[in-house]
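Inside the fold
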Amino acid sequence: MILTLFSGLKESVAQRRWMPGGTPTVCRLIETLDAANELALCFTLRRVSLGFREVELPPLQIKARLESPPAWLGLFGKASWYLGEALKIGRVWRHVRAIRPDILYVDRANSWVAGTLARWSGIPVVYRVMGISDDLRACVVGRHPRNAIQRWMLRAPFGAVICTQEGSDGEAVLNALLLPSVPQHHFVNGVDWDRTAAAMDRPAATGVVVLFAGRLEAMKGADEFLEAFLTARSRAPGQLRAVVMGDGARMESMRARVRSADAEGDVTFLGAVPHSTVASIYQRADVYVSLNRMGNLSNTTLEALAHGCCCVLPEPDDSIPRDAVTRQYLPNGTVVRIPSIDDTEALASALVHLAQHGAERQTIAARGQTAARAFIPTWSGRIAAEVALLRDIAGRGHSAGHG
């Protein structure tokens, strides 16, 4: 597995112990393959070296390799990015030749590595997309040299492409970028159904608890959520409380906005929360809000549905496209929909309405939980399906990429 060192695993590397946060699919896949003694793991870093090239991550059995850019790379100005990609390709390829794996699993942030290895390494490559980002959409028609190189890299003979079905409606973008012969697999992520709570069994709390979960970034609609909540709070004093679970670039700005509104007693920032305690947060929430500009069938939405939260989502946007598949899985009556992510007035009104109409809120939550059971797999089933696919591709060898 060749993965960028995403934020949820930086703490694991810093502490030299496996303590994953975020991106649960990849983390669970790492744990499953490690337990079966079928894993070699390489993290690529965007910044200069941490001072070591390998790290143990107990209780995992493996040592993870770290590939980072050299300190002098920044001296090359605008060319640094391209030179960095070339150096990364060379270093990763040398590592691959040394260990000779049966299959390579490469994430979207390492697409130039993936395209190069798929063409010339002789090893089947699975290209892993967590969702369709703006840069992938731009790649379809963009004229920047990066876009052109990216398009060429993605026309490689991959063994398969695995895309998370998280509302970003990836089929259209991937159909435009990939070879027609490359198999695509779109998976909805899983939940631990045996740990979820019934929709009606909410712990007693002062006021209706509204949860926002995920990275606190502009792309996730974090600021829009906070503005809408503060408006709703002013209209329904003492009836609403917000819990914000996650960390990110907008954290300090959001905290400052809460202080300026004198709302610290009604808004709780939890920061990053370990996987082991996430379920208890959902069980305490009555309403969950998702305003993700990429798509709103993310892991956090799946967890909220499974735990019986009343979910508030934006209407699908067919112009992007976004959330067409979300609408298929969650028809009217199973969630509350607002016209758009930017319509903070509509979100504020929806929160006040849900706070003041408990029976309606519980009915929608129950419908959402019932709908979720029909399409969200267990985590064990979800990971088993991906492992079976990887073993099948590895067994078929390089010809798998030519369908």
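Only a predicted model underlies this, so the values are computations on that prediction, with no experimental measurement involved. (Residues numbered from 1 in each chain as written. Predicted model: local features only at pLDDT ≥ 70, side-chain atom pairs only at ≥ 80, totals over all residues. Heavy atoms only, no water.)

**With respect to helix α13 (residues 344–356)**
Between its terminal C-alpha atoms α13 stretches 18 Å, which fits the 18 Å expected from 13 residues at 1.5 Å a residue. Residues of α13 that are buried include every one of A346, L347, A348, A350, L351, V352, L354 and A355, and no others. (Helix = DSSP H or I, 4+ residues; strand = E, 2+ residues; numbered from the N terminus. Expected span 1.5 Å × (residues − 1). Buried < 20%, exposed > 50% of the residue type's maximum accessible area, 1.4 Å probe, protein only.)

**Quick look at the sheet that holds strand β10 (residues 240–245)**
Strand order in the open sheet formed by six strands is β11-β10-β9-β12-β13-β14, with parallel pairing between adjacent strands. The outermost strands of the open sheet, each flanked by one partner alone, are β11 (267–271) and β14 (336–338). Averaged over all neighbouring strand pairs, the angle between strand axes comes to 20°, with direction disregarded. Sheet topology places strand β13 (residues 310–314) next to β14; three bridges connect them, and they run parallel. (Pairing = 2+ DSSP bridges. Axes fitted to C-alpha atoms, helices over the stretch in contact; angles between N-to-C directions.)

**Digging into a nonpolar patch on the surface**
Among the surface-exposed residues, W72, L75 and F76 lie close enough to one another that they form a single nonpolar patch of about 370 Å² accessible area. On the secondary structure map, F76 appears in the loop between β4 (63–67) and α3 (80–99). You can call F76 partly exposed: its relative accessible area is 45%. (Patch = residues over 30% accessible without salt bridge, like charges linked within 9 Å, V, L, I, M, F, W, Y side chains within 5 Å. Areas by Shrake-Rupley, 256 points an atom, 1.4 Å probe, with all protein chains shown as cover. Salt bridge = Lys/Arg side-chain N within 4 Å of Asp/Glu carboxyl O.)

**Observations regarding the nonpolar core**
If you look at the biggest cluster of nonpolar residues, it comprises 39 residues, and the most contacted ones within it are F225, L240, V287, V289 and L351. Tallying contributions element by element places α13 first for this core, with eight residues. L240 has contacts with V208, V210, F229, A232, R233, D266, L351 and A355, leaving out every residue within four places of it along the chain. Counting 34 residues, the second-largest nonpolar core is a separate cluster that includes I30, L33, V387 and L390. (Core = buried A, V, L, I, M, F, W, Y, C linked by side-chain atoms within 4.5 Å. Contact = heavy atoms within 4.5 Å.)

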